[in-house]
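Per-entry structural report
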Amino acid sequence: MPIPTEKPGPKAANLGDPNVATLLTWLVPGAGHLYLGRVKFALVAFAVVEGLYLLGVLLSHGMFLEYLPAEMRSRFAGALTPEVGNLGALLFHVKQYGYGVGHPRPWPATMDMGTTLTALSGILNLFVMSRAHFDARFTMEPRAKAIDPATAALATFCVPGFGQFLQKRTGRGAVMFILLVGLFVLGCWLAGGTNLDRERHFYYWAGQFLLGAPAVIAEFLHGHPLLQADVEYADAGVVLACVAGMLNVLCMLDAFAYSEETLSGVPRHPQPEGESEAKEVLA
Amino acid sequence: MKDLPFHILLFLASGTVIVTISVMFSEADDGSALRVLPKRLLYFFAGCGAVAVVMLICEHTFASIHWGG
């Protein structure tokens, strides 16, 4: 839905269709901004997102889909990975490397770093997509100064609550950080750290990855030790850590919506006309 | 039932986080979020309690029936 243009300024020209810009970015990072005429941003976005993916593929030898056990290797298995945010690269990856050579082989020493980078590339492109959609929609002069919505959401992805902190909503950001990181730590404790392994929990890892830096730092600090004993609450821990990551999506949406609301002056949940009039009368 | 208090504690912890984050998402204003939070927590836990009761009733009735003897 386009944001209403009440004060048309120099930015008021119709740049392009937001949905087309988003879809183009999904296929090729930066293509949406190229379509909107923002060449510099497009080139930087392409270089960063595809650079991360390429580096990740080089470090992991393109083997991340080989984490999946044989019974889970379907045509659409990659659709639930973070890499799907960079669809063009993922499709090329599947075509080029697929599920490997058909028999198990040792992972390269840099496998974990590589798969983290390909996942990061996919998530980063989601923010470029949301930025393309917003840039195409936002054709009015900003009502107030505020951090760009996609940047605010990206900050919240990096550290839960950080986008809210940048928006000067410190209390809200602190509560989000404490609750989500607390839930994640509880999950890691219950699972004995077994949740921090993409090879062991391919899809749960994807949900947990949405927690950003805390999840990545915890994984690299803990390493990927072999299981020495049965972990009683491993399943509960894996689920809780994944839920913490998925709840961070709500925090990212909150950061995005707040910035958009501040810039446009349009409330997130507009009240029905009759209701707001009634409240004014009562006041 | 093994470790029932621990399971309930885990459920309360995760449920509180889920409801609180959801409230912060749906209420942009901190004041209104704080106002609605207790009600939402109550609804969530009361709803989950009701589902648990129904499941226990089903478990103690239908599950004990031997169909076709």
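In the block above lies the structure referred to throughout.
Details of the overall build of chain B
In terms of regular secondary structure, chain B is built from two helices and zero strands. Taken over the C-alpha trace, chain B has a radius of gyration of 17 Å; the compact-globule value for 69 residues is 11 Å, which it surpasses by more than 25%. Taking all 69 residues of chain B together, 20% fall into the buried category. Summed over its atoms, the accessible surface of chain B is roughly 4900 Å², and 75% of this surface lies on carbon and sulfur atoms.

Focus: the packing of aromatic side chains
All names here are of chain A. Under the criterion given, the structure shown has 13 aromatic pairs over all chains. Judged by centre distance (4.9 Å) and plane angle (70°), the ring pair of tyrosine 67 and tryptophan 107 falls under edge-to-face. Here tryptophan 107 lies in the loop between helix H4 (87-96) and helix H5 (111-137) and tyrosine 67 lies in the loop between helix H3 (39-60) and H4, a separation of 40 residues in the sequence. Through a chain of ring-to-ring contacts, three or more aromatic side chains come together here, namely Phe127, Phe157, Trp205 and Phe209. Looking at arginine 169, its charged tip hangs above the ring of tyrosine 258, at a distance of 3.9 Å from the centre.

Things to note about the pattern of salt bridges
All names here are of chain A. Evaluated as defined, the whole model comprises 11 salt bridges over all chains. One salt bridge in this structure joins arginine 137 and glutamate 260, with 3.0 Å as the shortest N-O distance. One end of the pair, arginine 137, is in helix H5; the other, glutamate 260, is in helix H11 (residues 234-264), and 123 residues separate them in sequence. We classify glutamate 260 as buried; its relative accessible area is 17%. The network of salt bridges with common partners includes Arg38, Arg131, Asp135 and Asp148.

Calculation rules
- Residues numbered from 1 in each chain as written.
- Chains lettered and ligands numbered in written order.
- Predicted model: local features only at pLDDT ≥ 70, side-chain atom pairs only at ≥ 80, totals over all residues.
- Heavy atoms only, no water.
- Helix = DSSP H or I, 4+ residues; strand = E, 2+ residues; numbered from the N terminus.
- Rg over C-alpha atoms; globule rule 2.2 N^0.38 Å.
- Buried < 20%, exposed > 50% of the residue type's maximum accessible area, 1.4 Å probe, protein only.
- Areas by Shrake-Rupley, 256 points an atom, 1.4 Å probe, with all protein chains shown as cover.
- Phe/Tyr/Trp six-rings, centres within 6.5 Å; stacked < 30°, edge-to-face > 60°.
- Lys NZ or Arg CZ within 6 Å of the ring centre and 35° of its normal.
- Salt bridge = Lys/Arg side-chain N within 4 Å of Asp/Glu carboxyl O.

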